Amino acid sequence: EWDASPEHQRRGSSLMSRNSQFGKRSSTTTVEDHATALRPMITFFAALDQISKDFALNMDDEKVEVSAERLVHVVEECQKADNIRSLLSLANIFMEDKKIIEEIDAGRKTVQQS
């Protein structure tokens, strides 16, 4: 059995009551905690980013082929990423964790309201 010190118990209970008051998650939630949900979204973002870099209205077949090869390379690199931090870096996403988590929570609320 695990016994927490009285000080630890007081801090934990005040944190839980504060979180329940405001209906928010603990501030210890990290991007790593959301990695499973984030991975496909980040990969999709990286793919769209590459497409937007390469796109031109009058692309000939050779340019389309080169663009497609770059797109495949981006997706493969995203799939090889060892962790969410390296994936974020590969996709050139440099948002703070707090902002990423806020966006995830906002999206969940939107889906729950539907």
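Residues numbered from 1 in each chain as written. Predicted model: local features only at pLDDT ≥ 70, side-chain atom pairs only at ≥ 80, totals over all residues. Heavy atoms only, no water.

Draft legend 1. Spotlight on helix α3 (residues 61-80). Given a rise of 1.5 Å per residue, 20 residues ought to cover 28 Å, and the 29 Å separating the end C-alpha atoms of α3 matches this to within 8%. Among all positions in α3, only Ser67, Val74 and Cys78 are buried. Buried residues along α3 cover an arc of 35° about the axis, so they all sit on one side. The outward face of α3, more than 90 degrees from its buried face, is lined by the exposed residues Asp61, Glu62, Gln79 and Lys80. (Helix = DSSP H or I, 4+ residues; strand = E, 2+ residues; numbered from the N terminus. Expected span 1.5 Å × (residues − 1). Buried < 20%, exposed > 50% of the residue type's maximum accessible area, 1.4 Å probe, protein only. Arc of directions from axis to C-beta.)

Draft legend 2. Main features of the pattern of salt bridges. Per the stated rule, a full pass over the model turns up seven salt bridges. Note that lysine 80 is salt-bridged to glutamate 77, the shortest N-O span being 3.6 Å. Taken together, the residues span about one helical turn, with lysine 80 and glutamate 77 both in helix α3 at a distance of three residues. For glutamate 103, the salt bridge identified is with lysine 99, shortest N-O distance 2.9 Å. (Salt bridge = Lys/Arg side-chain N within 4 Å of Asp/Glu carboxyl O.)

Draft legend 3. Fine view of a negative patch on the surface. A contiguous patch of negative charge, built from Asp60, Asp61, Glu62, Glu65 and Glu69, is present on the exposed surface. You can see glutamate 69 is positioned in helix α3. (Patch = residues over 30% accessible without salt bridge, like charges linked within 9 Å, V, L, I, M, F, W, Y side chains within 5 Å. Areas by Shrake-Rupley, 256 points an atom, 1.4 Å probe, with all protein chains shown as cover. Lys, Arg positive; Asp, Glu negative; His and termini not counted. Charge placed at Lys NZ, Arg CZ, Asp CG, Glu CD.)

Draft legend 4. The nonpolar core, seen in detail. Counting 14 residues, the largest nonpolar core has Val31, Leu38, Ile42, Ile84, Leu87, Leu88 and Ile100 as its most contacted members. For this core, the secondary structure elements donating two or more residues are α2 (35-54), α3, α4 (84-90) and α5 (97-113). Apart from residues lying up to four places away in sequence, leucine 88 is in contact with Val31, Ile42, Ile93 and Ile100. (Core = buried A, V, L, I, M, F, W, Y, C linked by side-chain atoms within 4.5 Å. Contact = heavy atoms within 4.5 Å.)

Draft legend 5. Just unusual backbone geometry, in detail. In this structure, asparagine 92 is a non-glycine residue whose phi angle is positive, near 55°. Counting through the fold element by element, asparagine 92 comes out in the loop between α4 and α5. The exposure class assigned to asparagine 92 is partly exposed, which follows from its relative accessible area of 46%.

Draft legend 6. The arrangement of the environment of aspartate 97 in detail. Positionally, aspartate 97 belongs in helix α5. The exposure class assigned to aspartate 97 is partly exposed, which follows from its relative accessible area of 24%. Taking C-alpha positions, aspartate 97 is 9.4 Å from glutamate 32, a pair spaced 65 residues apart along the chain. Residues contacting aspartate 97, with those up to four places away along its chain left out, are Val31 and Arg85.

Draft legend 7. Quick peek at the side chain of threonine 43. Structurally, threonine 43 is set in helix α2. By relative accessible area, threonine 43 is classed as buried at 16%. Among the polar contacts made by the side chain of threonine 43, one reaches the main-chain carbonyl oxygen of arginine 39 at a distance of 2.9 Å. (Polar contact = N/O pair within 3.5 Å; in protein donor to acceptor, adjacent residues only side chain to side chain.)

Treat this as a map of the structure, not an account of what it does.
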